[in-house]
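Inside the fold
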Amino acid sequence: MFVTTCRLMVTQKSHHTSTSMQHPCNFLGAFYAMLFPQISKRLLSTSLPRKMIIKPVPCLKDNYAYLLLDPQANQAAVVDPVEPNKVLAALAEYPEYKLSAILTTHHHADHAGGNLQLLKEFPDLPCYGGSDKVSGANHIVGHKESVKVGSLEVVPLSTPCHTMDHTCYYISDNGKQAVFTGDCIFSSGCGRFFEGTAEDMWKSIRTVAELPDSTSMYFGHEYTVSNLRFAEHIESDNKEIKEKMAWAQRVGCTTPSTIQNEKLTNPFFRVEQNSVQERVLGKGNKASAEEVLGKIRQMKDSF
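Residues numbered from 1 in each chain as written. Predicted model: local features only at pLDDT ≥ 70, side-chain atom pairs only at ≥ 80, totals over all residues. Heavy atoms only, no water.

A closer look at the overall build of the protein
Summing up its helical and strand segments, the protein has ten helices and 15 strands in all. When burial is assessed residue by residue, the protein has 57% of its 303 residues classed as buried. Put simply, of all contacts in the protein between residues at least 6 apart along the chain, 62% involve residues at least 24 apart. For the protein, the accessible area works out to roughly 12900 Å², and carbon and sulfur atoms hold 50% of it. (Helix = DSSP H or I, 4+ residues; strand = E, 2+ residues; numbered from the N terminus. Buried < 20%, exposed > 50% of the residue type's maximum accessible area, 1.4 Å probe, protein only. Contact = heavy atoms within 4.5 Å. Areas by Shrake-Rupley, 256 points an atom, 1.4 Å probe, with all protein chains shown as cover.)

Overview of the nonpolar core
It is characteristic of soluble globular proteins that their nonpolar side chains tend to be buried jointly. Core analysis: the biggest nonpolar cluster contains 55 residues, and Leu-68 and Phe-180 have the highest contact counts within it. Leave out the neighbours within four places in its chain, and Phe-180 touches Ile-54, Tyr-66, Leu-68, Val-79, Cys-168, Tyr-169, Ile-171 and Tyr-218. In terms of nonpolar packing, the next biggest core, distinct from the first, is built from 22 residues, Ala-65, Ala-76, Leu-88 and Leu-125 among them. (Core = buried A, V, L, I, M, F, W, Y, C linked by side-chain atoms within 4.5 Å.)

Re the packing of aromatic side chains
Summed over the entire model, instances satisfying the criterion amount to nine aromatic pairs. Consider the rings of Tyr-66 and Phe-180, whose centres lie 5.4 Å apart with planes at 50 degrees: the pair is tilted. Of this pair, Tyr-66 sits in strand E3 (residues 63-70) while Phe-180 sits in strand E11 (residues 176-182); the two residues are 114 residues apart in sequence, bridging distant segments of the chain. By the burial criterion, Tyr-66 is buried, and Phe-180 matches it. Taking the centre distance of 5.6 Å and the plane angle of 35 degrees together, the rings of Phe-180 and Tyr-218 count as tilted. Linking Phe-180 in strand E11 with Tyr-218 in strand E14 (residues 216-219), this pair joins segments that are 38 residues apart in sequence. The exposure class assigned to Tyr-218 is buried, which follows from its relative accessible area of 0%. An aromatic cluster of at least three residues, connected via ring pairs, comprises Tyr-64, Tyr-66, Phe-180, Tyr-218 and Phe-219. (Phe/Tyr/Trp six-rings, centres within 6.5 Å; stacked < 30°, edge-to-face > 60°.)

Considering helix H5 (residues 198-209)
If you check H5, its first and last C-alpha atoms are 16 Å apart, about what twelve residues at 1.5 Å a residue would give, namely 16 Å. Looking only at H5, the buried set comprises Ala-198, Met-201, Trp-202, Ser-204, Ile-205, Thr-207, Val-208 and Ala-209. (Expected span 1.5 Å × (residues − 1).)

Topic: the side chain of Glu-235
Note that Glu-235 resides in the loop between helix H6 (224-234) and helix H7 (239-251). Taking the relative accessible area as the measure of exposure, Glu-235 reaches 7% and is therefore buried. One polar contact links Glu-235 to Ser-275, side chain to side chain, over a distance of 2.5 Å. When neighbours within four sequence positions are excluded, Glu-235 is seen to be in contact with Ile-241, Arg-270, Ser-275 and Val-276. (Polar contact = N/O pair within 3.5 Å; in protein donor to acceptor, adjacent residues only side chain to side chain.)

Let's talk about helix H10 (residues 289-301)
Its 13 residues give H10 an end-to-end C-alpha distance of 18 Å, which sits within 8% of 18 Å, the value for a rise of 1.5 Å per residue. Within H10, burial applies to Ala-289, Val-292, Leu-293, Gly-294, Ile-296, Arg-297 and Lys-300. Here the buried face of H10 lies against strand E13 (189-190), H5, H6 and helix H9 (274-281).

Here's the deal with the packing of H6 against H7
The contact between H6 and H7 brings their axes to 10 Å, and the two run at 155 degrees. Classified by the angle between their axes, H6 and H7 sit roughly antiparallel to one another. Handedness of the H6/H7 crossing: left-handed. Across from Thr-224, Val-225, Leu-228, Arg-229, Ala-231 and Glu-232 in H6, the residues of H7 making contact are Ile-241, Lys-242, Lys-244, Met-245, Ala-248 and Gln-249. Taken together, the residues that form the contact of H6 with H7 break down as six nonpolar, two polar and four charged. (Axes fitted to C-alpha atoms, helices over the stretch in contact; angles between N-to-C directions. Parallel < 35°, antiparallel > 145°, perpendicular 65-115°, else oblique. Left-handed = near helix turned anticlockwise from the far one by under 90°. Nonpolar A, V, L, I, M, F, W, Y, C, P; charged D, E, K, R; others polar.)

So, in structure tokens, the structure goes:
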């Protein structure tokens, strides 16, 4: 049910991250490089058959940047390249690819903070973001205003709440779908409501939830184990949450998830379910999805 190609074990601490701690995924990558030098450089790649390739790039303490590669045009985009040196090192494993775009999910420094450094090296590079608050953004994208990365059509999805300029990026390529969700939606969790309301987040969740169930969901932080502990607190009898927890603790690196799995294990997706409403409101009580979502976010913030 669960498949991953990288290894990482971290827990959620706060929105802010420190560059002084090395990402745990890097230690295992070095270990595999020593044992299997011929295959190690593509160990962290997630290949979608026949066309696009997506590679997670661990950054900072628990962040993920991503490479999006189009084999048809040999072009690449980078998503949230907060540590450009790491992203460029990952891209160097694919020397036939030309960097052609930066896709930024939102303006927080742990996602957009590497844009200017990357643009110094590639001054003509398009840098996409949801507002001019995004460092280095030279193309402001609107909801469903598609951009191209080689032959790939990248569809920005406006998903405000964590920040009001938050943008997810959706790609459908020859029957395979992927979405980069930044800090809007994590595996079995969602981002804090720094700038928006529960109403904003519910609308954003619904935007992502309407994508095909098979869509691979690439999120911005490795918070899955921490999120699942809270999910178990909300739905202690949810079998899918228990299975996912055992898997996540075993594999460490949990990107990507899928839309289908989020519908089964993410309490923020499940606010209309009776089991969630009863846990939050008490037996026999009902409320709107937005009200329950707001209460669950408050519970998570102090969990």
